Amino acid sequence: MKKSTFWHIWTSYACYYFGKVNLGIIIPALLATYKNMSLYNVGLVSSGFFLAYAIGQFIHGQISERKNPFVYISIGLIVSAALNVFLGFMGSVFSLLLIGETIDGFFQAMGWSSCVKANACIQPPEKREKYATILGTSYQIGNSITWLITAFVVGQWGWRAGFFVAAFAMFLRGITLLMFKPKIELEKCHAIAKQIKTTLSLPIVISGIALCFLNMVRYGVITWIPLYLFQINNYTVKDMGKVGLQIFLIPIFGVLGTFLYNYIKISKTVFASISLLILALSFILFPLTVGWLSILVLCLGSFFLYGTHVFLVCTLPSRMLKDKVVAASTGLIDGMGYIGTISIGIIVPLLVGLLKGNWNYVFWFWALISFLTAILICILDYVLKREVK
């Protein structure tokens, strides 16, 4: 299989992020423009998106195991693009914003498990985990580019532009992937009952629980840090480009951390536990910093977060190819992870409300969750070693 095929997969999932994290940039502009919208309203919209995404991961993970993953990836991109056009016109109405984002979440879920499956299918066994790690950088770089571009267009032309630019990027990538998709032979799958039973192995379930906790932190930052910086600096909508310049490096540091995670010689799970403890420390320090020093602390946290994240959502499920449940395992882990993402859309407004607009409880909560995730990774390490024996 040509190496260019891998980069078709990589760029496709990077483009998915135009429709996945643009809301975090659009939220401050919506709140500043429409005074009838509240923090709880946009938190509900975020939770609606990720609830549908979680359900979609469970469903699409099972279905895409039996379908051509390249076609599946393309359909998700094209439908998500259409929904972002709708949101660009109707997103000022809370009920339509909630409905549109929720439906979009379901179709956004067509991407990741299919990408992991496609990569596992085209790679020889000795290169599978290496390229699984590289694939994991797609959503980090996609996140960074989306934040930068969306912040710029929202600052220049308002919140609607944040949806329209996402629609353009996803539609273009979806159509071109359909045009240049490779021919692959699909292996015969297990019966659905056996497929589900194989997927529900103890390491996969523990990984899902760990990701549930980790996503409270990761998507807490993705969804709420742009708003925090917008408020703490007293920015206006025209200043959204400044927010983009402050935050776009956060995922880039995650890429660097992922490569370190891939090449370091000590046990991956041991390194993950140490990384998560450093992540917890970064959130304890964050409220004590200001300006670019606070951004540096967030970048440090991202550096130590994403290696663990890639291991849970990509490397570990890629090992399930021999059991013919790569997409199903990915969908289960990611679906469980997004239960944590759903909750953070409700928890953050609640914690901010408790302190009358002060965000310190949020950062302390993320520190606690990072510590608990480190404990779960230690348990996963024990289970994996026991299964090898």
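Enquirer: Looking at this structure, I do not really get the overall build of the protein chain. What am I missing?
Expert: Looking only at helices and strands, the protein chain has 16 helices and zero strands in total. Radius of gyration (C-alpha) of the protein chain: 20 Å, near the 21 Å computed for a compact globule of 389 residues. Over its C-alpha atoms, taken along the principal directions, the protein chain stretches across nearly 55 × 45 × 35 Å. For the protein chain, restricting intrachain contacts to residue pairs at least 6 apart in sequence, the fraction spanning at least 24 positions comes to 84%. Of the roughly 15400 Å² of accessible surface on the protein chain, 72% is carried by carbon and sulfur atoms. Taking the average location of the 29 positive side-chain charges in the protein chain and that of its 12 negative ones, the two points are 2 Å from each other.

Enquirer: Just checking my understanding: could you explain the packing of aromatic side chains for this structure?
Expert: To describe a pair of aromatic rings, you give the distance between the ring centres and the angle between the ring planes. For the coordinates displayed, the defined rule picks out 31 aromatic pairs. On the basis of an interplanar angle of 65° and a centroid distance of 5.6 Å, the ring pair of tyrosine 13 and tyrosine 17 is categorised as edge-to-face. The burial state of tyrosine 13 is the same as that of tyrosine 17; both residues are buried. Measuring from centroid to centroid gives 5.5 Å for phenylalanine 50 and tyrosine 338, while their planes differ by 15°, and the two rings are stacked. Of the two residues, phenylalanine 50 is situated in helix 3 (residues 39-63) and tyrosine 338 in helix 15 (residues 326-354); the sequence distance between them amounts to 288 residues. Just as phenylalanine 50 is buried, tyrosine 338 falls in that class too. An aromatic cluster is built from Tyr13, Tyr16, Tyr17, Trp112, Tyr139 and Tyr306, whose rings are joined through pairwise contacts.

Enquirer: Could you clarify how one ought to interpret the packing of helix 1 (residues 3-16) against helix 7 (residues 128-157) in this entry?
Expert: Helix-helix packing is described using two parameters, namely the angle between the two axes and the distance between the axes. Interaxial distance between helix 1 and helix 7 falls to 8 Å at its minimum, and their mutual angle equals 35°. When the axes of helix 1 and helix 7 are compared, the crossing they make is right-handed. Residues Lys3, Phe6, Trp7, Ile9, Trp10, Tyr13 and Ala14 of helix 1 touch helix 7, and the partners they reach there are Tyr131, Ile134, Leu135, Thr137, Ser138, Tyr139, Ile141 and Gly142. A class-by-class count of the residues in the contact of helix 1 with helix 7 yields 11 nonpolar, three polar and one charged.

Enquirer: Where do I start with the pattern of salt bridges in this structure?
Expert: Pairing is possible between side chains that carry opposite charge, provided their charged atoms lie close to one another. Summed over the entire model, instances satisfying the criterion amount to two salt bridges. Between lysine 242 and aspartate 239 there is a salt bridge, and its shortest N-O distance comes to 3.6 Å. The exposure class of lysine 242 is partly exposed, given its relative accessible area of 45%. A salt bridge links aspartate 381 to lysine 385, with the shortest nitrogen-to-oxygen separation between them at 3.2 Å. Taken together, the positions of aspartate 381 and lysine 385, both in helix 16 (residues 360-388) and four residues apart, correspond to about one turn of that helix. Judged by its relative accessible area of 46%, lysine 385 is partly exposed.

Enquirer: What is the right way to read helix 11 (residues 240-247) from this model?
Expert: An α-helical turn contains 3.6 residues, so a residue and the one three or four places further along point in the same direction. Taken residue by residue, helix 11 has Met240, Val243, Gly244, Gln246 and Ile247 as its buried positions. In an axial view of helix 11, the angular spread of the buried residues amounts to 160°, which keeps them on one side of the axis. Where helix 11 is buried, its residues contact helix 2 (22-33), helix 7, helix 10 (202-232), helix 12 (249-263) and helix 14 (291-318).

Enquirer: Would you mind going over the confidence of the model for the protein chain with me for this structure?
Expert: In this model, the protein chain carries a mean pLDDT of 89, and residues with pLDDT of at least 70 account for 94%. For the protein chain, the element scoring lowest by mean pLDDT is helix 9 (residues 192-199), at 69; helix 5 (residues 94-108) scores highest, at 97.

Enquirer: Sorry, what's going on with the side chain of histidine 60 here?
Expert: Looking at where histidine 60 falls in the secondary structure, it is placed in helix 3. At a separation of 2.8 Å, a polar atom in the side chain of histidine 60 contacts the side chain of tyrosine 72. Engagement of the side chain of histidine 60 in a polar contact is seen with the backbone oxygen of phenylalanine 106, the distance being 3.1 Å. Every residue in contact with histidine 60, bar those within four places of it in the chain, is listed here: Tyr72, Phe106, Ala109, Met110 and Ser113.

Enquirer: What exactly am I supposed to notice about unusual backbone geometry here?
Expert: A negative phi holds for most residues other than glycine; trans holds for most peptide bonds. Even without a glycine there, the phi angle at asparagine 234 is positive, about 55°. Mapped onto the fold, asparagine 234 is located in the loop between helix 10 and helix 11. The backbone phi angle of lysine 356 is positive, close to 55°, even though this residue is not glycine. Structurally, lysine 356 can be placed in the loop between helix 15 and helix 16. Classification of lysine 356 as exposed rests on a relative accessible area of 78%.

What counts and how
- Residues numbered from 1 in each chain as written.
- Predicted model: local features only at pLDDT ≥ 70, side-chain atom pairs only at ≥ 80, totals over all residues.
- Heavy atoms only, no water.
- Helix = DSSP H or I, 4+ residues; strand = E, 2+ residues; numbered from the N terminus.
- Rg over C-alpha atoms; globule rule 2.2 N^0.38 Å.
- Contact = heavy atoms within 4.5 Å.
- Areas by Shrake-Rupley, 256 points an atom, 1.4 Å probe, with all protein chains shown as cover.
- Lys, Arg positive; Asp, Glu negative; His and termini not counted.
- Charge placed at Lys NZ, Arg CZ, Asp CG, Glu CD.
- Phe/Tyr/Trp six-rings, centres within 6.5 Å; stacked < 30°, edge-to-face > 60°.
- Buried < 20%, exposed > 50% of the residue type's maximum accessible area, 1.4 Å probe, protein only.
- Axes fitted to C-alpha atoms, helices over the stretch in contact; angles between N-to-C directions.
- Left-handed = near helix turned anticlockwise from the far one by under 90°.
- Nonpolar A, V, L, I, M, F, W, Y, C, P; charged D, E, K, R; others polar.
- Salt bridge = Lys/Arg side-chain N within 4 Å of Asp/Glu carboxyl O.
- Arc of directions from axis to C-beta.
- pLDDT = per-residue confidence, 0-100.
- Polar contact = N/O pair within 3.5 Å; in protein donor to acceptor, adjacent residues only side chain to side chain.

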